[in-house]
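Commentary on secondary and tertiary structure
What follows is the residue order along each chain.
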Amino acid sequence: MSKIRFTEPNREILARRDSIINDLTRLVDPAGLITSTDECRAYETDALTAYRKMPLAVVLPKTTEEVSAVLKYCHDTGVKVVPRGAGTSLAGGAIPSEDAVVLGLSKMNRVLAVNYDDRFIRVEAGVTNLSVTAVVAENGFFYAPDPSSQLACTIGGNIANNSGGAHCLKYGVTTNNLLGVRMVLIDGSIIDLGGDYLDSAGLDLLGLVVGSEGQLGIVTEATLRILKSAEGARPVLFGFPSCEGAGKAVADVIAAGIIPVAIEYMDKAAIEICEAFAKAGYPLDVEALLIVEVEGSDAEMDATLADITAIARANGATTVRESRSAIETAAIWKGRKSAFGATGRVADYLCMDGTVPTGKLSYVLAEISKIVQRHGLRVANVFHAGDGNMHPLILYNANDPSQQSKAEAAGDDILRLCVEVGGCLTGEHGVGIEKRDLMRCQFDDADLVQQIRVRAAFDPRWLLNTDKVFPLDFRCQG
Amino acid sequence: MTDCYKPRDECGLSSAIKDAATAKMPLVVRGAGSKSAMGRPLGGYAMSLTTERMRGVSLYEPTELVIGALPGTPVSEIDRMLAKHNQMLPFEPMDHRVLFGTSAEPTIGGIVAGNVSGPRRIAVGACRDSLIGVRLVTGRGDVVKSGGRVMKNVTGLDLVKLNCGAWGTLGVLSEVIFKVLPKPARSLSVGLGGMNDTTAIAALTAALGSSFAVSAAAHIPASIGSDSTTIVRLEGSDGSVAYGARELAKLWRSFGRAELIEGDESANLWLRVRDAHWLAQPMDRSIWRLSLAPSKAPHVLADIRQKLGVRYFFDWGGGLVWLAVVDADDAGASVVREAMANTGGHATLVRASSEMRHRIDVFEPLPPAVLKLTQEIKKCFDPDRVLNFGRMYAGI
Ligand SMILES: Cc1cc2nc3c(=O)[nH]c(=O)nc-3n(C[C@H](O)[C@H](O)[C@H](O)COP(=O)(O)OP(=O)(O)OC[C@H]3O[C@@H](n4cnc5c(N)ncnc54)[C@H](O)[C@@H]3O)c2cc1C
Ligand SMILES: Cc1cc2nc3c(=O)[nH]c(=O)nc-3n(C[C@H](O)[C@H](O)[C@H](O)COP(=O)(O)OP(=O)(O)OC[C@H]3O[C@@H](n4cnc5c(N)ncnc54)[C@H](O)[C@@H]3O)c2cc1C
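Residues numbered from 1 in each chain as written. Chains lettered and ligands numbered in written order. Predicted model: local features only at pLDDT ≥ 70, side-chain atom pairs only at ≥ 80, totals over all residues. Heavy atoms only, no water.

**Side note on the side chain of Thr-358 of chain A**
Here Thr-358 of chain A is to be found in the loop between strand E16 (348-351) and helix H14 (361-374). Not counting residues up to four positions away in its chain, the partners in contact with Thr-358 of chain A are Ala-251, Ala-385, Gly-386, Asp-387 and Gly-388 of chain A together with Thr-63 and Glu-64 of chain B. (Helix = DSSP H or I, 4+ residues; strand = E, 2+ residues; numbered from the N terminus. Contact = heavy atoms within 4.5 Å.)

The structure is reproduced here in structure tokens:
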């Protein structure tokens, strides 16, 4: 059956539930406190839907001060807290436990300042990723990290998972586009790290907080770098008769020193699923597809595309199709960005997120299909190829418990393979509960102990997102 | 005479630090063995530790844009190796020898420890943004790795960034891995003359708010020497740079007539910006580095200049101000810090006598809650306080 272990809830906390809820009513606006089973159900899982746990209660504060009051209370009374943005984590990072309060940022969704001269925007952490770009787009600016879930996911969740997206090959992921945060520590103290300038003073605590999966504090505000959009952008579809050819083309483009804005990969299974959903005009007679986007002036795009096309052809590309209009461009990206959702309509899936050196892409793709076959399952590959960040979607039937454990076992094998070839367990989705027990494949005990010590410097009682990231037998060693 | 550990490898590094920790003996950590590095002075310690024997490129995959090196590797060796494949360290680290009049070759470990980044920082990020993996030895002597050799990685806490810019107070780096970039096919500068600080920053802001591949933006005011120069650098393919230069000249029409600067002249200009060349002499002047939002920089400078004799220039489109203080009892600290107080930014005293650096906070003082976190983090890496104790902050 299900493989991921949950710790036994603390009975003493469960017994105190009524008085905890009573105390919380004094700390947040009543509209921001959710306690009924029906309403709490919306918070019992995230995008790792195979696992669910009812939280003790859910609070939805409206201000940093409310967040501070709730955290201080939980700290003083030993109650666990699970931070939550939109709940789109694919690694179970936002899944609660029965003895924990979920602290959701969804009501903190105001834009606080936009400054085009200094090229930043300051927002509350519950603002969605897409709405940031929506705010600045009218002036021709954008916020670079663009996870496919950008319509729903929040900036706070992006920071916690160091989220990326198709366009991060050129512009970097969240950590490279974040200037500052306001955050609340578990004892209720409010700190500012960084701000509207580059490179914060003192230790790079901002860099440490990014990707810390809600274990160091709760981010309530963020200052993000915005950039002027390129004059033009053009995606091109390259179809290949073999996965190896497509993988090799990616490696060759990077090796030639060409850094397009995006290089996205889809195999046949993914192409079929996405095309059926988005009608994007993807070629159906190929084994693999690359979506390569270039940007700049027309002349520049033409020149870069000529180079890329030559490389693609040399690797056997049979289809080369440039987008000819904004509508086509939108359809091409819609197909790619709805890949996970579209897959979800045809099967249940587990999404892996390992990163590998780009030179190993072809090899790893071939090995993945062997692994999945060995477990008697199917896979669809759709991922950020330019930086080697793979997303094999392992398809299975959640109503069949034996399939779920096979899918999880196949996922583990794939991630071990990623580490073996010099890569890592997760490129952008985070460890959460999903990959917690694989951390030892990538790290020695000494590495993990040092991480745990740093974690404990922020949260000595291990109350924030307690059961995530680190193997359960690995806890505070002071 | 101070004694010096010179470990040859990570193992030796670890045992040296374990020795020091057992004896509770503080160590001064050095790269190439330059005598006094930046930060608060570490007077009176018996022992130092240098990484100068741990050198060499440990990993280079040009086709994957990744390079790794041992900490004592001279930056010049890495540059040379990358240049063979027409690649570069993206963040353009400055060479502090110009400011300090020293001769020891900068090491890559020292660059990472200081998160040293140059003019291209505004376009491609700082040293910390290119750094994707580290190995290090903590103050306990434990060997710890974080990150790796792949471009995207959110597995576990990011101890890579935490150690970049920690000035060797948490651990001694034993290997550093970067993502690199192809060298741009073409690089040229576009300049404007005769502008005051406010107009110049406005011109740079207009350029940085454009989509024309700007990779650097600086203003050197008239007080530095001859006429004022306001310049941006464009980098990219032949066509895009030529196109950008034309478009930028149009964009800048209201500011004046833009002039093209190419080849060595352009390259030398940016080397001088990178190394703060104009402030190096005379050597006894204290030098500050101010990081703040560009739009605030002209006001802050106007404020400082009313109270203090300074020479200065702007990099990072105005977001970085280099400042040499002509004469002041406190290296100008009270004036500089007061002028910066409401900006949110921070000021670092980069060059000053050791007596001055002892008396004045070299790094921006931290608010109490952040200081407390910093102390806790120091404690968990280096409980016996053997590594560069007190270099960044007293007690850390
Ligand atoms: C269809 C689909 C497509 C996706 N595509 C991408 C993609 O292209 N790229 C990518 O990187 N990811 C992708 N994801 C994963 C996910 O969307 C991201 O990880 C996202 O950043 C999570 O944001 P969220 O607001 O939903 O956070 P949640 O899922 O609510 O939380 C995620 C983690 O962040 C913590 N957290 C949330 N808010 C805060 C806060 N304010 N302070 C501290 N900790 C906090 C939580 O405790 C949890 O550990 C995708 C997910 C789905 C379902
Ligand atoms: C910001 C700055 C200020 C400087 N100030 C002075 C000065 O006042 N006087 C002077 O003579 N020279 C100074 N220098 C010049 C510099 O020391 C020389 O140019 C030298 O050659 C730099 O290279 P290095 O590798 O020897 O670094 P070092 O100067 O030896 O080291 C720089 C910093 O990095 C740390 N460090 C070095 N290697 C490692 C490692 N492997 N792991 C962890 N930490 C490490 C050191 O402890 C130190 O805090 C300064 C350099 C910088 C970057």
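So much for the structure itself; the text now carries on.
**Observations regarding the domain arrangement of chain A**
All names here are of chain A. Split by domain assignment, chain A resolves into domain 1 (1-229), domain 2 (233-340), domain 3 (347-436) and domain 4 (437-477). Domain 3 and domain 4 are separated by 24 Å when their C-alpha centres are compared. In this assembly, domain 3 packs against domain 4 so that about 1000 Å² is buried in total across both faces, 64% of it on carbon and sulfur atoms. At the junction of domain 3 with domain 4, the criterion picks out one salt bridge. Between Arg-436 and Asp-437 there is a salt bridge; the shortest N-O distance is 3.6 Å. One can count eight residue pairs in polar contact (both at pLDDT 80 or more) joining domain 3 with domain 4. Looking at the side of domain 3 that touches domain 4 residue by residue, the class counts come to six nonpolar, one polar and four charged. (Domains from an automatic or database assignment. Buried area = accessible area lost by both parts, 1.4 Å probe. Salt bridge = Lys/Arg side-chain N within 4 Å of Asp/Glu carboxyl O. Polar contact = N/O pair within 3.5 Å; in protein donor to acceptor, adjacent residues only side chain to side chain. Nonpolar A, V, L, I, M, F, W, Y, C, P; charged D, E, K, R; others polar.)

**Re the confidence of the model for chain B**
Summing up the model confidence of chain B, the mean pLDDT is 93 and the portion of residues at 70 or higher is 96%. ipTM for the predicted complex: 0.96, alongside a pTM of 0.96. (pLDDT = per-residue confidence, 0-100.)

**Some remarks on the sheet that holds strand E14 (residues 288-296) of chain A**
Each strand in a sheet pairs with its neighbour through backbone hydrogen bonds, running either in the same direction (parallel) or in the opposite one (antiparallel). All names here are of chain A. The strand order E15-E12-E14-E13-E17-E18-E16 describes an open sheet built from seven strands, whose pairing is antiparallel. The two strands at the open ends of the sheet, each matched to only one other strand, are strand E15 (319-322) and E16. Averaged over neighbouring strand pairs, the angle between their axes works out to 20° when direction is ignored. Pairing of strand E12 (residues 232-240) with E14 involves nine bridges; the strand directions are antiparallel. Bridged to Phe-238 within E14 is Leu-290. Here helix H9 (residues 243-255) sits on the sheet and contacts E12, strand E13 (262-267) and E14; the angle it forms with E13, its principal contact strand, is near 170°. Strand contacts of helix H11 (residues 298-314): E12, E14 and E15, with the helix running at about 10° to E12, the strand carrying the most contacts. (Pairing = 2+ DSSP bridges. Axes fitted to C-alpha atoms, helices over the stretch in contact; angles between N-to-C directions.)

**So, the layout of surface pockets**
All names here are of chain A. As a volume, the second largest pocket reaches approximately 970 Å³. In this structure, the second largest pocket is lined by 48 residues; those nearest its centre are Thr-88, Ser-89, Ser-149, Cys-153 and Asn-158. For the lining of the second largest pocket, the elements supplying multiple residues, two or more each, are strand E3 (80-84), helix H6 (155-161), strand E10 (218-225), helix H12 (326-337) and helix H13 (339-346). Here the lining of the second largest pocket gets six residues from one element, more than from any other, and that element is H6. Each residue belonging to the lining of the second largest pocket can be placed in one class, and the counts come to 20 nonpolar, 23 polar and five charged. (1 Å grid on protein atoms, 1.4 Å probe; cavity = no way out; pocket = protein on both sides within 12 Å on 5 of 7 lines; lining within 4 Å. Points joined across faces, edges and corners; volume = space filled by probe spheres on them.)

**A look at the interface of chain A and chain B**
Taken together, the contact pairs 80 residues of chain A with 68 residues of chain B. Taken over both partners, the interface formed by chain A and chain B buries close to 5800 Å², and the fraction arising from carbon and sulfur atoms is 60%. At the junction of chain A and chain B, the tally comes to seven salt bridges. The partner of Asp-447 of chain A in a salt bridge is Lys-145 of chain B, with the nearest N and O atoms 2.6 Å apart. If you look at where chain A meets chain B, you find 21 residue pairs in polar contact (both at pLDDT 80 or more). Those elements giving two or more residues to the side of chain A that touches chain B turn out to be strand E9 (190-194), helix H8 (205-209), H9, helix H16 (439-442) and helix H17 (445-458) of chain A. The element best represented in the side of chain A that touches chain B is H17 of chain A, accounting for nine residues.

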